[in-house]
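Chain by chain, the residues run as shown.
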Amino acid sequence: MVIKYESVIHEFDPYFNYRVTQFLSKNGIYEFWNWFDDRTWYPLGRVIGGTVYPGLTLTAGTIWWGLNSLNIPLSVETVCVFTAPVFSAFASWATYLLTKEVKGSGAGLAAAALLAMVPSYISRSVAGSYDNEAVAIFALIFTFYLYIKTLNTGSLFYATLNALAYFYMVCSWGGYTFIINLIPMHVLLCIVTGRYSPRLYIAYAPLVVLGTLLAALVPVVGFNAVLTSEHFASFLVFIIIHVVALVYYIKGILSPKMFKVAVTLVVSIGMVVCFIVVAILVALVASSPTGGWSGRSLSLLDPTYASKYIPIIASVSEHQPPTWPSYFMDINVLAFLVPAGIIACFSPLSDASSFVVLYIVMSVYFSGVMVRLMLVLAPAACIMSGIALSQAFDVFTGSIKYQLGASSNSTDDAEDNTSTNNAPKDDVSAGKTDKGEEIVKERSSKKGKKKEREPADKPSVKAKIKKKALVLPLEASIVALLLLIMLGAFYVIHCVWAAAEAYSAPSIVLTSQSRDGLHVFDDFRESYAWLSHNTDVDDKVASWWDYGYQTTAMANRTVIVDNNTWNNTHIATVGTAMSSPEKAAWEIFNSLDVKYVLVVFGGLIGYPSDDINKFLWMVRIGGGVFPHIKEADYLRDGQYRIDSEATPTMLNSLMYKLSYYRFVETDGKGYDRVRRTEIGKKHFKLTHFEEVFTSHHWMVRLYKLKPPRNRIRGKAKKLKSKTSSGLSSKSAKKNPWV
Amino acid sequence: MKQSSVVDLLLLLLAIALLATPAFSDLVLSKVERRIDVTSQIARVTKTLKVVNSGSESVSEFALTFPKFLGNNLAYLSVAPSEGKGKSKRTLVNLSVREADQKGLPDSISVYSVALPKPLSKGDTLTLEVVAAFTNVLQPFPEKITQGEIHLVMLQESAQYLSPYAVESQSLSIKLPNARIESYTKFENTKLQGSELKYGPYKNLQSYSYSPIVVHFESKAAFAVAEKLVREIEVSHWGNVQVTENYNVVHRGAQLKGEFSRLDFQARPNPRGASAFRHLLARLPPRAHSIYYRDDIGNISTSEMKSDSKKTELLIEPRFPLFGGWKTFFTIGYGLPLTDFLFASEGKRFLNISFGSPILDLVTEKLIVQVVLPEGSKDISVTTPFAVKQSQEIKYSHLDIAGRPVVVLEKNNVVPDHNQHIQVYYKFSNINLLSEPLMLISGFFILFITCIIYTRADISISKSSPSYLAKLQWDEVLATLQEVQSIVQKCLATHDKLEASLRDLSRTGDIQTCKAARKSTDSLLKDLSKELKPLLGFLQSFPSASHISPKVEELVVKEKELQEKLMAKHTTVVEGYEKKSSGRDIENRIASQQQKIIALRQEIEDLLEFIDEI
């Protein structure tokens with residue numbers, strides 16, 4: 001990506017993180033915790049120190065500080081750009097460790113290699129994608145690894161490390177709730193399936209106690225670590241595991257008879273106590289408006305929640321449920337390998353493999369709810385596929401090796417084997433019936449089969465067979481190997497393609513391939529640079545919230561709303577202004593002290609994710625708070641259109657006007673290349689706004705609010721101006737909201 | 001600005017009227033030719049002065065005077081005696097010029113004094129070539145224009161040469177850009193020829209003659225002014241001079257008022273964007289490489305480079321066209337081959353590099369040149385062709401310990417005429433070059449050595465701590481386990497041998513060899529099981545091996561069992577052969593044994609594998 005584009009930070013959120021890191025490196029950690037940012041959410045401001053997940057910024061800040069104290073003068077930007085790739089390498093390593101704990105190092109290597117390429121993770125780990133997820137995925141996998149490690153060893157040392165890794169995860173990403181729900185679920189699963197052991201206790205109890213204490217240290221989490229419902233599951237399981245531990249202990253010291261009596265006694269009392277406690281909890285939780293669940297978590301549990309109640313969450317494309325092609329795009333062939341991996345995990349089922357199975361099941365569910373959580377699925381899918389691949393390779397290469405060895409011994413042996421193995425299924429079933437008392441596993445039945453078929457077969461050959469499970473015919477295994485390698489090759493090709501084409505575009509710089517070479521659309525930075533150099537440092541810029549972070553970071557101007565969508569009302573105000581007619585919008589913006597309005601317009605060059613396409617969300621979000629904005633007014637027969645069929649409300653909205661101001665003069669018709677239609681209202685004038693800057697490809701248009709005295713004069717000459725401004729004000733009259 | 005300059009003018013006239021005695025010597029200017037070039041944003045005045053000493057004493061100083069409003073904006077002034085006849089401009093050394101005291105002259109006149117190369121005795125003549133560059137003297141008027149209006153500027157000057165000396169003959173020509181001329185002050189002998197405006201000649205003028213003129217004309221030049229330019233020149237003795245230039249550029253022409261419409265700018269760029277400039281041309285030294293052009297939010301993709309053996313031309317386009325009053329910031333950087341710029345003389349090295357910005361026609365209001373010398377440079381001195389403010393700093397860069405000395409040169413109001421070479425002299429020994437690589441090498445060396453020591457050495461705090469003992473024990477356990485394994489493997493190998501002997505039997509029917517083989521394996525196995533016993537006991541004695549020892553025991557037991565079964569089978573087969581029973585019969589008899597053997601073998605292998613994993 002750096003080669004194709006440049007060393008630049010991507011998209012929206014990374015710009016905010018970059019800005020925070022700059023602040024951190026300039027002012028130090030203490031200032032950072034106390035940072036009240038007055039350049040965003042004007043006039044409310046935002047307490048950055050208390051509302052960000054500081055893990056990423058602190059990591060990059062530490063790296064920067066370390067390098068600079070070695071007198072290696074890297075800029076903060078460079079460090080930020082390369083944090084993600086560095087951490088993806090760590091993540092790959094962590095995947096190796098985790099898979100190794102589950103299924104051995106072969107599977108670990110395969111999983112790490114898969115993860116290193118998986119498009120879904122590449123999308124978050126390309127250079128410049130300086131987002132929380134970049135370090136969080138590493139933290140997530142590493143936490144899981146340490147959990148499994150503790151579970152396998154029962155070492156308190158790893159348990160402590162586990163709590164620390166969890167702490168790092170809490171610092172890094174809101175997705176830590178995934179850990180704190182998944183691990184208790186696994187513990188519960190282990191208890192229910194009778195796999196309780198002291199190791200399980202050591203793996204879990206310190207994590208909950210230490211982890212919760214540490215999590216509460218992170219300002220953005222704070223008391224949420226004990227107060228919100230996301231964490232309750234862990235406490236509940238914490239209680240359960242203690243009860244179970246106690247039961248096991250008592251069982252150890254009591255005779256079976258006494259134990260039975262004790263159980264009935266305790267259970268009857270316990271039920272009553274539990275009931276009371278649960279009732280109190282439910283009452284407490286229910287007294288909070290959302291039942292103690294945050295909106296995003298709720299939309300996870302109930303996928304339709306967001307679209308019903310919180311348009312702002314639903315409006316983010318990352319929060320939409322993914323489509324099927326996106327699965328194929330993001331995890332590619334892994335999708336087919338995962339089931340095989342799950343099967344491999346069941347033979348034999350250990351604590352560790354049951355955990356990965358649970359992990360994949362949960363992450364598949366979550367990724368089905370939100371595109372963004374595809375990222376959590378990717379490592380799980382890699383682990384599963386890694387296991388599947390390595391098992392398959394084991395079998396195939398093993399059988400080839402065996403075949404070759406056998407054929408060198410005696411040629412008929414190989415023939416014999418191929419003939420016996422041409423129908424392996426029959427053999428297996430036959431073997432099973434034959435040796436019913438054998439301790440499961442195909443290999444025993446295999447061996448049974450061997451003997452039954454050729455009782456006089458030479459023992460030397462049998463020794464060679466050892467317990468190589470499925471001995472497949474030579475040709476079949478070679479073909480299967482080749483197919484597997486081809487599958488891998490396709491995966492690699494796809495990943496490289498995805499990395500090069502789909503996921504490395506920084507989205508602030510666009511390119512298109514034209515006949516005379518690469519064409520660069522650098523409009524965003526053009527206008528941000530204009531803003532930053534040619535407006536007053538305290539001017540306020542209003543735009544849709546998508547561009548908030550970029551405006552503060554690149555143009556260093558105060559914005560009204562930004563990508564941290566913490567105040568719905570504020571966003572709704574901007575949405576309302578954008579969907580109101582010019583005058584009303586002017587009043588709203590003026591009341592917010594806004595001097596410039598920024599709109600993104602792709603109609604000239606065909607850039608699809610522009611403000612007109614996002615406009616319905618502005619209407620919805622605005623309408624959610626200010627009921628006079630009605631979605632229906634902007635739709636003609638339920639259809640969103642901007643051509644001559646569009647509703648007058650739509651055509652008079654500020655967004656429409658700012659986007660298409662003087663657009664018709666470019667080609668005489670006003671043909672919008674995104675919507676593929678001619679625009680509805682072509683000639684109009686702006687009365688309350690003036691164009692101050694439009695970027696080279698018209699992608700960003702900046703308007704300045706005309707000073708209020710114009711308005712007063714306009715009022716005095718109301719009649720005159722009304723008649724003179726013609727079409728626009730006439731149709732505005734029809735609009736009920738003027 | 002305009003008003004103040006008018007006030008200046010009035011003051012000046014007043015002062016000239018009130019002028020008392022000329023405080024200067026009896027020089028007479030026999031001929032003055034002035035040419036003013038205003039095709040760019042800089043007013044460049046070239047004067048040819050023929051000086052005659054008409055007094056009695058010899059004179060060694062010559063005074064140049066400018067009206068104050070020009071003198072304040074004087075960016076560059078150089079005076080050179082021109083000795084050759086006619087047009088042969090064999091300019092000699094520039095004469096030293098300094099700002100002189102007012103000597104009783106009014107404040108509205110600024111005076112510069114020139115030291116003549118040799119005192120001018122009575123009757124001698126001398127021709128001086130004066131080059132002066134003024135910035136900010138082309139005043140935009142009107143001061144604010146809309147996008148569609150043309151950019152008009154105004155020049156104020158005097159038709160007559162303002163001099164403390166009497167002038168016998170003089171003329172003035174003003175070279176205007178090839179465009180519209182709005183108005184100009186007309187005198188009798190004023191001529192406009194194409195784009196050249198001529199005043200004079202005037203004969204026999206008194207000292208301090210002054211007649212103000214104003215020329216109002218359209219300028220299409222780029223009024224690009226760098227408010228601040230920081231050039232960092234970093235010398236690396238590894239063969240590179242890295243130049244980084246940070247520009248804060250502003251368009252100092254008439255300010256843009258009202259809307260900026262991209263549509264108009266794109267569709268009709270000429271009338272409706274004429275006052276803006278889109279490009280700047282930087283002429284870099286030849287063989288410049290690794291050129292980049294960016295600003296603080298990333299690379300700027302609009303630039304073009306042409307290079308040949310003489311020069312490298314970089315056409316840079318700021319992110320947006322600059323209209324009047326608009327600002328932008330960008331950085332350009334490039335590397336230059338060291339050999340072109342660094343020379344040695346008298347045991348010292350010196351860097352010979354140009355002082356100003358490589359961008360053409362750019363006025364720099366504040367130029368800071370930082371020459372970063374390699375770490376360990378000493379005895380630093382700088383020679384510049386004109387006065388600059390000097391200071392020194394220390395900069396810490398890649399892996400520095402002592403820091404690199406930085407020579408900081410500062411100068412205000414720099415015009416392209418200042419693009420002369422400066423020399424930075426310093427001493428530097430080549431051994432210092434190796435210090436950083438050596439440091440890196442030793443750093444990594446130490447790192448790896450520490451790793452090696454850490455992994456190889458035993459650094460447990462206490463040799464009696466339980467964990468340490470447990471570790472030792474564990475190592476022993478593992479060693480024993482390995483032994484056990486190898487013995488069991490040996491046993492299995494002997495079993496194979498036994499089986500092989502059976503096969504031989506079926507082929508050859510040689511019972512005796514078979515029996516002998518059995519005997520030998522029997523004794524071998526016995527030896528092996530003897531060896532096994534102490535190991536087993538050893539394992540059981542360790543508490544840490546408690547979870548392994550049962551398995552190992554099981555292994556040994558199973559192995560024994562297998563031995564017995566095998567022996568039994570062997571015996572049956574051999575007996576069968578002795579009794580000459582048919583092959584089928586024998587096979588039937590040993591079938592059940594065979595099954596058990598295989599099962600046992602399987603179990604043993606499983607156990608072995610389990611132990612292997614530990």
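Chain B has the name Dolichyl-diphosphooligosaccharide--protein glycosyltransferase subunit 1A in UniProt, where Arabidopsis thaliana is given as its organism. The annotation that UniProt attaches to chain B under Pathway is "Protein modification; protein glycosylation." The UniProt entry for chain B carries the following text under Subcellular location: "Endoplasmic reticulum membrane".

As recorded in an unreviewed UniProt entry, chain A goes by dolichyl-diphosphooligosaccharide--protein glycotransferase and comes from Arabidopsis thaliana. Quoted verbatim from the Subcellular location (unreviewed entry) field of UniProt, the annotation for chain A is "Endoplasmic reticulum membrane".

Q: Would you explain the overall build of chain A in this entry?
A: Along chain A, the regular secondary structure elements total 37 helices and 13 strands. The buried share of chain A, reckoned over its 738 residues, is 54%. Sequence separation of 24 or more characterises 70% of the internal contacts of chain A that already satisfy a separation of 6 or more. About 32,000 Å² of surface is accessible on chain A, with carbon and sulfur atoms providing 65% of the total.

Q: Where do I start with the UniProt feature "domain: STT3/PglB/AglB core" (unreviewed entry) in chain A in this structure?
A: With numbering matched to this structure, UniProt assigns "domain: STT3/PglB/AglB core" (unreviewed entry) to residues 538–597 of chain A. Between the end C-alpha atoms of residues 538–597 of chain A the distance is 14 Å, and the span holds 50% helix and 12% strand.

Q: Please clarify how empty space enclosed by the protein should be interpreted in this entry.
A: One water molecule sets the probe size; rolling that probe over the atoms shows where empty space is left. All names here are of chain B. On inspection of all chains with the given rule, the structure shows eight cavities of 30 Å³ or more. Approximately 80 Å³ is the volume attributed to the second largest cavity. Arg-34, Lys-47, Phe-66, Pro-67 and Glu-157 are the residues nearest the centre of the second largest cavity, which is lined by 14 residues in total. Listing elements by their share of the lining of the second largest cavity, those giving two or more residues are β2 (43–53), β3 (59–67) and β10 (152–158). When residues in the lining of the second largest cavity are grouped by element, the largest group, three residues, is from β3.

Q: What's the story with the interface of chain A and chain B in this structure? I'm lost.
A: The figure often quoted for interface size is the accessible area lost as the parts come together. Each partner contributes to the interface: chain A provides 42 residues, whereas chain B provides 40 residues. Counting the surface lost from both chain A and chain B, the interface buries some 3,600 Å², and carbon and sulfur atoms represent 52% of this. At the surface where chain A touches chain B, the tally comes to four salt bridges. The tally of links between chain A and chain B comes to 13 residue pairs in polar contact (both at pLDDT 80 or more). For the side of chain A that touches chain B, the secondary structure elements donating two or more residues are α23 (442–453), α24 (459–465), α26 (523–534), α34 (664–667) and β12 (689–694) of chain A. Looking at side-chain class alone, the side of chain A that touches chain B contains 17 nonpolar, eight polar and 17 charged residues.

Q: Can you help me understand the sheet that holds strand β21 (residues 298–299) of chain B in this one?
A: What links the strands of a sheet is backbone hydrogen bonding, and the strands pair in either a parallel or an antiparallel sense. The eight strands lie next to each other as β21-β20-β24-β17-β16-β27-β30-β29 (chain B), forming an open sheet whose pairing is mixed. For this open sheet the edge positions go to β21 and β29 (389–395) of chain B, each flanked by a neighbour on one side alone. On top of the sheet, α26 of chain A reaches β20 (289–295), β21 and β24 (327–337) of chain B; it is set at about 110 degrees to β24 of chain B, its chief contact.

Q: Whenever I open this one, the domain arrangement of chain B confuses me. Can you help?
A: Per the domain assignment, the segments of chain B are domain 1 (24–216), domain 2 (222–258 + 273–432) and domain 3 (465–611). Measuring from the centre of the C-alpha atoms in domain 2 of chain B to the corresponding centre in domain 3 of chain B gives 84 Å.

Q: I'm lost on the UniProt feature "transmembrane region" in chain B in this one. Help?
A: Taken from the UniProt record, the annotation "transmembrane region" applies to residues 433–453 of chain B. What you have in residues 433–453 of chain B is 100% helix and 0% strand, and the ends, taken at the C-alpha atoms, are 31 Å apart.

Q: Is there a simple way to explain the packing of helix α18 (residues 334–345) of chain A against helix α19 (residues 351–369) of chain A in this structure?
A: When two helices pack together, you describe them by how their axes are tilted relative to each other and by the distance separating the axes. Residues and elements named next belong to chain A. α19 packs onto α18 with a crossing angle of 150 degrees between their chain directions and a minimal axis gap of 9 Å. As judged from the angle between their axes, α18 and α19 are roughly antiparallel. α18 and α19 meet at a crossing whose hand is left-handed. For the pair α18 and α19, contact is made by Val-338, Ile-342 and Cys-345 and by Ser-353, Val-356, Val-357 and Ile-360, respectively. Residues of the contact of α18 with α19, tallied by class, amount to six nonpolar, one polar and no charged.

Conventions adopted
Residues numbered from 1 in each chain as written. Chains lettered and ligands numbered in written order. Predicted model: local features only at pLDDT ≥ 70, side-chain atom pairs only at ≥ 80, totals over all residues. Heavy atoms only, no water. UniProt positions renumbered as here; feature names shortened; annotations may be inferred. Helix = DSSP H or I, 4+ residues; strand = E, 2+ residues; numbered from the N terminus. Buried < 20%, exposed > 50% of the residue type's maximum accessible area, 1.4 Å probe, protein only. Contact = heavy atoms within 4.5 Å. Areas by Shrake-Rupley, 256 points an atom, 1.4 Å probe, with all protein chains shown as cover. 1 Å grid on protein atoms, 1.4 Å probe; cavity = no way out; pocket = protein on both sides within 12 Å on 5 of 7 lines; lining within 4 Å. Points joined across faces, edges and corners; volume = space filled by probe spheres on them. Buried area = accessible area lost by both parts, 1.4 Å probe. Salt bridge = Lys/Arg side-chain N within 4 Å of Asp/Glu carboxyl O. Polar contact = N/O pair within 3.5 Å; in protein donor to acceptor, adjacent residues only side chain to side chain. Nonpolar A, V, L, I, M, F, W, Y, C, P; charged D, E, K, R; others polar. Pairing = 2+ DSSP bridges. Axes fitted to C-alpha atoms, helices over the stretch in contact; angles between N-to-C directions. Domains from an automatic or database assignment. Parallel < 35°, antiparallel > 145°, perpendicular 65-115°, else oblique. Left-handed = near helix turned anticlockwise from the far one by under 90°.

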